[in-house]
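Given next are the chains, with one letter for each unit.
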Amino acid sequence: MTTTLDRLKKEVTVTFEQMTAIAADFKSAMDAGLTGQPSPLKMLPSYIGRPSGRETGQYLALDFGGTNVRVQLIELHGDGRWTVRRQTAAPLKDPAGKYDYTAAGATAAELFDFLAARIASIVDKDINVRLGHTFSFPCRQLDVGHAELISWTKEIRTAGVEGREVSALLAGSLARQGLSRIKPCAVINDTVGTLLAAAYTDPAADIAAICGTGHNTCYYDAGKAMIINMESGNFDALPFTAYDDAVDAASEKPAGQRLEKMVAGRYLGEIARLAAADLGRTTPLTLTAETIAAWLADPAAPTDLRTIAGLAVTRAARLVAATFLGVLAHSDPGLTKNHTIAIDGSLYEKMPGYAAALKAALAEKLGGAAETVTLRLIKDGSGVGAAIAAAIAHPSGGR
Ligand code: BGC
């Protein structure tokens, strides 16, 4: 049976009332997660607080997000500024099909040897340097420097990494490459890196999110004096449509990461494809977030496809806004302070209409008080954030 555009609009629109309810449920889930009650929010401690902005020294930053690996040698100047001295990046999946370190056929050793080889490509073997590692997956943090992968997300399947401590895996691969003088000393989530990068210069920064291929938010918990990685992509008190259920059922981990599967770039194309098919539209077998972005940017693209894309993008922004409202209600219910929400990721940076819809949703709910909340794009926070984390863990710089 095909549906009509009007019915689709109704199903895929997040109303003001729904946003309000989601924000309240999100806040309750935060409270539950923090007090050890069952909760979709893991509320993972990072064992890292806010930077002073005065951190200095030269550090290596390794950024592993699931699509690419990037290595940077970063000099922190201690006055909110930094310089990237050297850098290299490579895809984890070769576009020409020669390798794919994210597939089930790849092993932990192969993946981490690849990361170590990328590090080796930009530093001398005798360099003494501390390394901060941004590893953008849900991890049980043992301390600042050690974290065990709880489970892969974003459809990554590399064998033998779940349940393992990632700094040990990296240290093993560095040793195999003769790079034992490089010492991993901090491992953080990319949301945490984004918050550290923003807070290095902006004292009001206390929430950070990634709105890209994946989705997640962290916040600075003043009571715990620590940044908490909520793993909000797993939030699940949400108005699911049949499209969302289909995306979930076909995914690597059904029933998990339900918010992420409604809002992240990895899944938006498929949601739009299913909705278009429901309208009786023939579309390519796979649709990506880039295709949706191209439709939205092109006034000559078919109107119904542009409408569907707009609906999916606006819904994503409003759901994320509702979770931000939940965090604000938890941390500062009266909005007595200024808050900067630092955001990185391709959707926030590039998807037509996304950033505007996010801002509008906050204003719709907060009215005049929305002035206390600033949304700020932080590009590449996971790189400099890893260096800042390493500097907090090892203030003496390289040695
Ligand atoms: C992961 C998070 C990460 C987010 C953005 C999610 O799939 O679970 O840890 O922060 O993607 O990269």
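Keep in mind the model is a prediction, meaning the values are calculated, not measured. (Residues numbered from 1 in each chain as written. Predicted model: local features only at pLDDT ≥ 70, side-chain atom pairs only at ≥ 80, totals over all residues. Heavy atoms only, no water.)

Student: Would you explain the layout of surface pockets in this entry?
Tutor: Here the idea is plain: a probe the size of a water molecule rolls over the atoms and shows the empty space left. Its boundaries defined by the atoms lining it, the second largest pocket holds a volume of some 250 Å³. Forming the boundary of the second largest pocket are 16 residues, of which Asp 206, Tyr 220, Ala 222, Lys 337 and His 339 lie nearest the centre. Of all elements in the fold, only strand 9 (205-211), strand 10 (215-221) and helix 10 (303-331) reach the threshold of two or more residues within the lining of the second largest pocket. Of all the elements, helix 10 adds the most residues to the lining of the second largest pocket, at four residues. Partitioned by chemical class, the residues of the lining of the second largest pocket number eight nonpolar, four polar and four charged. (1 Å grid on protein atoms, 1.4 Å probe; cavity = no way out; pocket = protein on both sides within 12 Å on 5 of 7 lines; lining within 4 Å. Points joined across faces, edges and corners; volume = space filled by probe spheres on them. Helix = DSSP H or I, 4+ residues; strand = E, 2+ residues; numbered from the N terminus. Nonpolar A, V, L, I, M, F, W, Y, C, P; charged D, E, K, R; others polar.)

Student: What am I meant to see in the site of the ligand here?
Tutor: Taken together, 15 residues are adjacent to the ligand, and Thr 153, Lys 154, Asp 190, Glu 231 and Glu 260 come closest. In the environment of the ligand, an oxygen atom lies 2.7 Å from a nitrogen or oxygen atom belonging to the side chain of Thr 153. One of the side-chain N or O atoms of Asn 216 is found 3.0 Å from an oxygen atom in the ligand. When the ligand sits alone it has 310 Å² of accessible area, and the protein chains cover 98% of it. Elements supplying a minimum of two residues to the shell around the ligand: helix 5 (190-199) and strand 10. (Near = heavy atom within 4 Å. Polar contact = N/O pair within 3.5 Å; in protein donor to acceptor, adjacent residues only side chain to side chain. Areas by Shrake-Rupley, 256 points an atom, 1.4 Å probe, with all protein chains shown as cover.)

Student: Before we go on, may I ask you to explain the nonpolar core in this structure?
Tutor: Of all hydrophobic cores here, the largest spans 71 residues; its most connected members are Leu 268, Phe 324, Met 351, Tyr 354 and Leu 358. No other element matches the 16 residues that helix 10 contributes to this core. Not counting the four nearest positions on each side in its chain, Leu 358 is found in contact with Ala 317, Val 320, Ala 321, Phe 324, Ile 343, Tyr 348 and Leu 375. (Core = buried A, V, L, I, M, F, W, Y, C linked by side-chain atoms within 4.5 Å. Buried < 20%, exposed > 50% of the residue type's maximum accessible area, 1.4 Å probe, protein only. Contact = heavy atoms within 4.5 Å.)

Student: Mind showing me how you'd approach the packing of helix 2 (residues 16-34) against helix 10 here?
Tutor: Relative placement of two packed helices is described by the angle separating their axes and the distance separating the axes. Look at helix 2 against helix 10: their axes get within 7 Å of each other, and the N-to-C directions meet at 50°. Overall, the two elements helix 2 and helix 10 adopt an arrangement that is oblique. Where helix 2 crosses over helix 10, the handedness of that crossing is right-handed. Between helix 2, through Phe 16, Met 19, Ile 22, Ala 23, Phe 26, Lys 27, Met 30, Asp 31 and Leu 34, and helix 10, the contact on the second element is made entirely by Arg 318, Leu 319, Ala 322, Thr 323, Leu 325, Gly 326, Val 327, Ala 329 and His 330. By residue class, the composition of the contact of helix 2 with helix 10 is twelve nonpolar, three polar and three charged. (Axes fitted to C-alpha atoms, helices over the stretch in contact; angles between N-to-C directions. Parallel < 35°, antiparallel > 145°, perpendicular 65-115°, else oblique. Left-handed = near helix turned anticlockwise from the far one by under 90°.)

Student: Any chance you could explain the packing of aromatic side chains here in plain terms?
Tutor: Aromatic ring pairs are defined here through the distance separating the ring centres and the angle between the ring planes. Using the criterion set out here, one finds eleven aromatic pairs in the structure. With a centroid separation of 6.2 Å and 45° between ring planes, the pair formed by Phe 64 and Trp 152 is classed as tilted. With Phe 64 in strand 2 (residues 56-64) and Trp 152 in the loop between strand 7 (146-149) and helix 4 (166-176), the pair connects residues that are 88 residues apart, well separated along the chain. The same class applies to Phe 64 as to Trp 152, namely buried. Relative to Trp 152, the ring of Phe 135 lies with its centre 5.9 Å away and its plane at 50°, an arrangement referred to as tilted. Pair noted here: Phe 135 is in strand 5 (residues 129-135) and Trp 152 is in the loop between strand 7 and helix 4, with a separation of 17 residues, a long-range link. Each member of the aromatic cluster is reached from another via a ring pair, and the members are Phe 64, Phe 135, Phe 137 and Trp 152. (Phe/Tyr/Trp six-rings, centres within 6.5 Å; stacked < 30°, edge-to-face > 60°.)

Student: I'm lost on the sheet that holds strand 10 in this one. Help?
Tutor: Adjacent strands of a sheet pair through backbone hydrogen bonds, lying either parallel or antiparallel. The strand order across the open sheet formed by six strands is 1-11-10-9-12-13, and the pairing between neighbours is mixed. Every interior strand has two partners, whereas the edge strands, strand 1 (44-45) and strand 13 (373-377), have only one. Two strands pair when backbone bridges link them, and strand 9 and strand 10 are joined in this way by five bridges, in the antiparallel orientation. Opposite Cys 211, over in strand 10, you have His 215 as the bridge partner. (Pairing = 2+ DSSP bridges.)

Student: Sorry, what's going on with the pattern of salt bridges here?
Tutor: Pairs may arise between side chains of opposite charge once their charged atoms sit close together. The full count for this structure, using the stated rule, is 19 salt bridges. For Asp 113, the salt bridge is made with Arg 176, and the minimal N-O distance between the two is 3.0 Å. Residue Asp 113 is located in helix 3 (residues 108-120), and its partner Arg 176 is located in helix 4; the two are separated by 63 residues in the primary sequence. The exposure class assigned to Asp 113 is partly exposed, which follows from its relative accessible area of 24%. Taken together, the shared-partner salt bridges in this structure form one network comprising Asp 245, Asp 248, Arg 258 and Lys 261. (Salt bridge = Lys/Arg side-chain N within 4 Å of Asp/Glu carboxyl O.)

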